[in-house]
Amino acid sequence: MTSERWDELLRQDHEVTERVFAAMEARFASAAGPSPAQVMRLVRYLQDYVDRCHNQKEEQHLFPRLERAGMPRDAGPLGVMLHEHRQAEQILASLVPLGRAFAAGDRSVLPDLRAAFEAYAALCKDHFWKEGDILYPAALRMLTDAEGEEIVRGIDALEASLGEGTRERYYRMAQEIIEEGELRDLAYGLERDVLAAILNTLPVELSFIDHEDRVRYFSHEHGEKIFPRSRGAIGMEVQNCHPQKSLHLVNRIIADFKAGTRDVAEFWIDMGERKVHIRYWPVRSPDGRYLGTLETVQDVAAIRALAGERRLLDAAA
Ligand SMILES: [Fe+2]
Ligand SMILES: [Fe+2]
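Quick look at the structure, then. (Residues numbered from 1 in each chain as written. Chains lettered and ligands numbered in written order. Predicted model: local features only at pLDDT ≥ 70, side-chain atom pairs only at ≥ 80, totals over all residues. Heavy atoms only, no water.)

### Focus on the coordination of the iron ion (ligand 1)
Each pair of donors in an ideal four-coordinate tetrahedral metal site encloses 109.5 degrees, whereas pairs in an ideal six-coordinate octahedral site enclose 90 or 180 degrees. Protein-derived ligands of the iron ion (ligand 1) are Glu-58 (OE), His-85 (NE2), His-127 (NE2) and Glu-131 (OE), with the metal-ligand distances lying across 2.0 to 2.2 Å. For the iron ion (ligand 1), the 4 donor atoms in the first shell make angles of 85 to 174 degrees at the metal, a pattern classed as irregular. Each donor residue of the iron ion (ligand 1) lies on one chain, and together they are spaced E-x26-H-x41-H-x3-E. Between the two metals, the iron ion (ligand 1) and the iron ion (ligand 2), the spacing is 3.1 Å, and Glu-58 donates to both. Of this pair, Glu-58 sits in helix H2 (residues 36–68) while His-127 sits in helix H4 (residues 110–142), and the two are 69 residues apart along the sequence. With respect to class, Glu-58 is no different from His-127; both count as buried. (Donors = N, O, S within 2.8 Å, 3.2 Å for Na, K, Ca; no water. Tetrahedral: all angles 85-135°; square planar, octahedral: opposite > 155°, others 65-115°. Helix = DSSP H or I, 4+ residues; strand = E, 2+ residues; numbered from the N terminus. Buried < 20%, exposed > 50% of the residue type's maximum accessible area, 1.4 Å probe, protein only.)

Next comes the structure, spelled out in structure tokens:
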């Protein structure tokens, strides 16, 4: 038999579900919105676990014992709890088809889906609070230890009737929803080819070497470049694609970036009409980890020649 008490098991369900709600709220509020896979998991978690498992643990095993111990079914806390379970079912009945439509690719349902989700989450959060702060403490006072153990056995049996490892399975699903719901950079909302096109549109040539000094990326592959690069460089160690005479500089810059003692290294050189500004930047993760070095190369001659102001669209364009 499960070693936790019945109220601990039910509270754990509430906590996991509240974290799912928080993750989904953040995701619905983000520019990218939730992914179809995340919404599908949410639908399954709410329908199969919260509604058909968690609420049934209470309705089949907790509430009848409270009724027998003298708590009226149709009034007071028990009546309110049952009424709220029915309300939750009603909201879920509209949320599930919206979620399935969204998961199947219909983004037009997003506002309705979000509204249904928010109504469901608001009802449940209030309900969980009432149970946790009022109903469960009252129940613990009313029920004997033996009755408490019967409830745990009932919970175990109900979960077992839904398949082996039911709780672990749904907690894993909840964890997947939570992890995907963590707010990520806005770039995650872009398609890869859009992101690539944006990088190729920058008026700056980019090259990136990773934390192991290997060339991983350069932009403007098919355009005219100040420093042409070929695909053969990808995967090479940066030390092998730099002239010997500047190697000590490259190594010094990278070492400083890795050590966190430098935030930029810059050079400028003349190439005919061009004034070429070359800069190296450490690329760090949001938590400060060194991910690699970015080189930006830009002809700044035209920028340096700017004088006065232009506030109107030029006719030649
Ligand atoms: Fe409940
Ligand atoms: Fe509950």
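Next, the rest of the story.
### Quick notes on the sheet that holds strand E5 (residues 290–299)
As summarised here, the arrangement of the 5 strands in space is E2-E1-E5-E4-E3, forming an open sheet in which the pairing is antiparallel. Lying at the two open borders of the sheet, with one neighbouring strand each, are strand E2 (215–218) and strand E3 (265–271). Sheet twist, expressed as the average angle between the axes of neighbouring strands with direction ignored, equals 20 degrees. Bridge count for strand E4 (residues 274–284) against E5 is 9 bridges, and the pairing is antiparallel. Counted as the bridge partner of Ile-278 is Val-297 from E5. (Pairing = 2+ DSSP bridges. Axes fitted to C-alpha atoms, helices over the stretch in contact; angles between N-to-C directions.)

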